[in-house]
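# Coordinate inspection notes
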Amino acid sequence: MPKHGKKYLDAAKKVDSNKLYSVAEAMKLVKETSYANFDATVDVAYNLSVDPKQADQQIRGSIVLPNGTGKTQTVVVFAEGPQADQAKAAGADFVGSDDLVEKIQGGWLDFDVVVATQMMMAKVGRLGRILGPKGLMPNPKTGTVTMDIEKAVKNVKAGQVEYRVDRQAAIHTPIGKVSFTEDQLVENFDALRDVILRARPASAKGQYIKSVAVSATFGPGIKLDPLNLD
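All of the points below concern the structure found in this document. Since the model is a prediction, treat every value here as computed from it, not as a measurement.

Think of an α-helix as turning once every 3.6 residues; residues three or four places apart then point the same way. Burial in helix H4 (residues 98–105) covers these residues: Leu 100, Val 101 and Ile 104. With its buried residues spanning 105° around the axis, H4 presents them on a single face. Looking at the buried positions of H4, the neighbouring elements they touch are strand E3 (75–78), strand E4 (94–96), helix H5 (121–124) and helix H6 (128–131). Two residues or fewer past H4, Gly 107 is found with a positive phi of approximately 115°.

Those residues of helix H7 (residues 149–158) lying buried are Ile 149, Ala 152, Val 153 and Val 156. Projected onto a plane normal to the axis of H7, the buried residues spread over an arc of 95° and lie on a single side. Where H7 is buried, its residues touch E3, helix H3 (82–90), strand E5 (113–116) and strand E6 (160–164). In the stretch just after H7, Gly 159 is the one whose phi turns positive, near 115°.

Turning our attention to the environment of Ala 116. Positionally, Ala 116 belongs in strand E5. Put simply, Ala 116 and Gln 83 are 33 residues apart on the chain and 9.4 Å apart in space, counted from C-alpha to C-alpha. Not counting residues within four places of it along the chain, the set of residues in contact with Ala 116 comprises Phe 78, Met 121, Val 124, Pro 138, Thr 144, Val 145, Thr 146 and Ile 149.

What follows covers unusual backbone geometry. Here Ala 169, not a glycine, exhibits a phi torsion of approximately 65°, which is positive. Looking at the element boundaries, Ala 169 is found in the loop between E6 and strand E7 (170–177).

Take the pairing of E3 next. Burial of E3 is two-sided: the residues Val 75 and Val 77 facing one way and the residues Val 76 and Phe 78 facing the other way are all buried. Summarising the sheet, E3 and E5 pair through 4 bridges and their orientation is parallel. Paired with Val 76 across the two strands is Val 114, which belongs to E5. Bridge count for E3 against E4 is 3 bridges, and the pairing is parallel. Bridged to Phe 78 within E4 is Gly 96. Chirality of the crossover, the property in question, places the unit of E3, H3 and E4 among those that are right-handed.

It is worth spelling out the sheet that holds E3 at this point. Pairing is parallel across the open sheet formed by 3 strands, whose spatial order is E4-E3-E5. This sheet does not close on itself; its edge strands, each paired only once, are E4 and E5. The average angle at which neighbouring strand axes cross in this sheet is 15°, direction not considered.

What counts, and where the lines are drawn
- Residues numbered from 1 in each chain as written.
- Predicted model: local features only at pLDDT ≥ 70, side-chain atom pairs only at ≥ 80, totals over all residues.
- Heavy atoms only, no water.
- Buried < 20%, exposed > 50% of the residue type's maximum accessible area, 1.4 Å probe, protein only.
- Helix = DSSP H or I, 4+ residues; strand = E, 2+ residues; numbered from the N terminus.
- Arc of directions from axis to C-beta.
- Contact = heavy atoms within 4.5 Å.
- Pairing = 2+ DSSP bridges.
- Right-handed = clockwise from strand over helix to strand, strands pointing away.
- Axes fitted to C-alpha atoms, helices over the stretch in contact; angles between N-to-C directions.

Right, dumping it as structure tokens:
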């Protein structure tokens, strides 16, 4: 069993581990139980009744949260010509081609999201061993491989987050900051919930959402009622 410090234990006393909270109650509590001395991130964790080994049950996508994430994302764009100009105009932090490949191969990873045009993916593919393990590889399913570079960059800057089921059939996604109002956190939670519900595979059996919990970066987990997420 992991040992927790006094601050965590004091925060945990505010949470009834046997209770399944409503969304509104959970968002209020996650703000109250965060004990970090900075504006902590609020994360949601879903446990789904899917089999990630099955191709049709590998849930993955992206969504622009209504109130953003509270974090400024550094965006790298692999593009040339008009798409490179669009990327710069849309606010991309770094735009390039072979020069960016060399820079990343040299160890540079000071960015959060990578966007690329389809034509650039052959070059970006050479970075798979570097970007893949860090979850930074562009993917059409998340809107980061596209010819509409302007839209992709603006979405990321506006608060786009990626959701993806892992090997344990779980999805972990940030939905904002502790400094957000309860209503803002609820709105972001609702938006993510809706896309996850719509992504339910036809072949998924039983209760689709098995469990849901929210927590701050430094704070205890708060369980929600998976059958009442409205």
